[in-house]
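Spelled out, the chains give:
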Amino acid sequence: MTESTPGPGSRPRAALAMSPDVASAVLDTESLTALAALCDLAPLPVLTDLSTPRARTVLADVDLLVTGWGCPPLDADVLRAAPRLRAVVHTAGSVRGHVTDACWDRGIEVSSAAAANAVPVAEYTLAMILLTGKHVLETARDYRAARSRPDWLRTPRSVGNHRRTVGLLSASLIGRRVIDLLRPHDIDTLLYDPYVDDAEARELGVERVELTELFRRSDTVSVHTPLLPETRGLVSRELIDSLRPDAVLINTARGAVVDQDALTDAALAGRIRAVLDVTDPEVLPAEHPLWQCDNVLLTPHLAGSQGNEWRRLADLALAEIARWASGDGFLHPVRRERLAFLA
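Along every chain, residues carry numbers that run from 1 in the direction the sequence is written. For a predicted model such as this one, the threshold for reporting local features is a pLDDT of at least 70, and the threshold for listing and counting side-chain atom pairs is 80 or more; totals across whole chains, interfaces and linings nevertheless cover every residue. As a convention, hydrogens and water are excluded, and side-chain values are obtained from all of the structure's heavy atoms.

Asker: Account for the packing of helix H6 (residues 114-133) against helix H13 (residues 310-326), naming residues and giving values.
Answerer: Two packed helices can be described by the angle between their axes and the distance between those axes. To define axes, lines are fitted to C-alpha atoms, for helices over the stretch in contact only, and angles between the resulting N-to-C directions are given on a 0 to 180 degree scale. The way it works is that DSSP assigns letters per residue, a run of H or I at least four long becomes a helix, a run of E at least two long becomes a strand, and they are numbered from the N terminus. Interaxial distance between H6 and H13 falls to 8 Å at its minimum, and their mutual angle equals 160°. With respect to each other, H6 and H13 are oriented roughly antiparallel. In this structure, H6 crosses over H13, and the sense of that crossing is right-handed. Contacts from Ala115, Ala116, Asn117, Val119 and Pro120 in H6 reach Arg312, Leu313 and Leu316 in H13. Charged residues are taken to be Asp, Glu, Lys and Arg, nonpolar residues to be Ala, Val, Leu, Ile, Met, Phe, Trp, Tyr, Cys and Pro, and polar residues to be all remaining types, Gly included. Classifying every residue of the contact of H6 with H13 by side-chain character gives six nonpolar, one polar and one charged. In this scheme, roughly parallel covers angles under 35 degrees and roughly antiparallel covers those over 145, while 65 to 115 is roughly perpendicular and the rest are oblique. Definitions for this section: a left-handed crossing has its near helix turned counterclockwise from the far helix by less than a right angle. A right-handed crossing has that turn clockwise. In what follows, residue pairs with any heavy atoms lying within 4.5 Å of each other are defined as contacts.

Following this line, the structure appears as structure tokens:
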């Protein structure tokens, strides 16, 4: 039993802090019932403003906050109103928006469902790698327009996924999951991550390369780095211009990691193709040329958990709460010293 968990025979007092729409989407009736079996759960509605009299009454009693998208920052003022708070379990990925330095300073334990959210993002990435390798989107468009079957024997040898080279930018949770999903395929995988050495790269089954080499050698580059001050604009015009003709850039991370003007120029010129689940800003202005660019597939930040995938987030959060309440500690802790490596 750790100092931060409830004592034997006691049940932690918990409350939900997130937007009501998020609570309805992520925590279905079955999940709420399971949560209530683990904790003394404060009555709904969820907390959306932590400064209200009701919120302060609830916070005064809680050991655990179950958070989600839309949770307000847990700053020093909020923590003063929550003297018993010992843990935060986030039902989504990044905790940057609400877990503040005050939480770390007080030693509050934090867990997130980032590992669960990584699964659909990696699946989306794999699907797009394979679809773009076969030129499926372009061929489907041309097939619809021509209403006749193309001559398959004239397909260029650049089309297909056999021995295609995929470069991954960052061995993040998602990046590592993509590596796992690529393993059964006849694909050569390169990795740029300054925190991964050659020995770890060999364990992952990838070739570690420098950033310039990743872009120069890859048929497809997939971006999985978090947005940090040092990664803003990391995918520069120079790197984009170094991509081989007809290469594909996939971005499921954050739009601002990529020089969007440079990407737009290269795509409009027909030099490269792109799959962008994120842009800068989200959503692009209606007049932005990427909307009309045949070389670019734009999707509305849908790679992450949606629909029935939300249950995976809830299940991981529930498992973490059960572990913490029993004194076993989190299986997916978020550490202050690791924030620089997380999305």
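Having put the structure on the table, let's press on.
Asker: Can you lay out the nonpolar core for me, pointing to particular residues and giving the numbers?
Answerer: Definition of nonpolar core: a set of buried residues of the types Ala, Val, Leu, Ile, Met, Phe, Trp, Tyr and Cys, connected through side-chain atoms within 4.5 Å. Under the scheme applied here, a residue whose accessible area is under 20% of the maximum for its type counts as buried, over 50% as exposed, and between as partly exposed, the area being computed with a 1.4 Å probe on protein chains only. One finds Leu214, Phe215, Val235, Ile240, Leu249, Leu263 and Val296 to be the most contacted residues of the largest nonpolar core, which totals 30 residues. Mapped by element, the contributors of at least two residues to this core are strand E7 (187-192), helix H10 (211-217), strand E9 (220-223), helix H11 (237-242), helix H12 (260-268), strand E11 (273-276) and strand E12 (296-298). By residue number, the principal contributor to this core is H12, which donates four residues. When sequence neighbours within four positions are dropped, the list of residues in contact with Phe215 reads Val221, Val235, Leu239, Ile240, Ser242, Leu243, Arg244 and Leu249. Ranked by size, the runner-up nonpolar core spans 25 residues in total, among them Ala15, Val62, Leu79 and Ala82.

Asker: So what's going on with unusual backbone geometry? Residues and values would help.
Answerer: Omega for the bond connecting Leu44 with Pro45 falls within 30 degrees of zero, at 10°, which places this linkage in the cis form. Omega for the bond connecting Glu282 with Val283 falls within 30 degrees of zero, at 5°, which places this linkage in the cis form. For Val283, the position within the fold is in the loop between E11 and E12.

Asker: Lay out the UniProt feature "domain: D-isomer specific 2-hydroxyacid dehydrogenase catalytic" (unreviewed entry) in the protein in plain terms, naming residues and giving numbers.
Answerer: UniProt's entry tags residues 58-329 with the feature "domain: D-isomer specific 2-hydroxyacid dehydrogenase catalytic" (unreviewed entry), counted in the numbering of this structure. Each end of residues 58-329 is marked by a C-alpha atom, and these two atoms are 24 Å apart; helix forms 37% of the span and strand 15%. UniProt positions are given in the numbering used here, feature names are shortened, and annotations may be inferred rather than shown by experiment.

Asker: Provide a residue-level description of the UniProt feature "domain: D-isomer specific 2-hydroxyacid dehydrogenase NAD-binding" (unreviewed entry) in the protein, including the pertinent values.
Answerer: UniProt feature "domain: D-isomer specific 2-hydroxyacid dehydrogenase NAD-binding" (unreviewed entry): in the numbering of this structure it lies at residues 127-303. Segment residues 127-303 splits into 32% helix and 16% strand. End C-alpha atoms: 11 Å apart.

Asker: Could you give an account of H6, with specific residues and numbers?
Answerer: If you check H6, its first and last C-alpha atoms are 28 Å apart, about what 20 residues at 1.5 Å a residue would give, namely 28 Å. Of the residues trailing H6, His135 is marked for its positive phi of about 55°. Here a helix's expected span is defined as the number of its residues, less one, multiplied by 1.5 Å.

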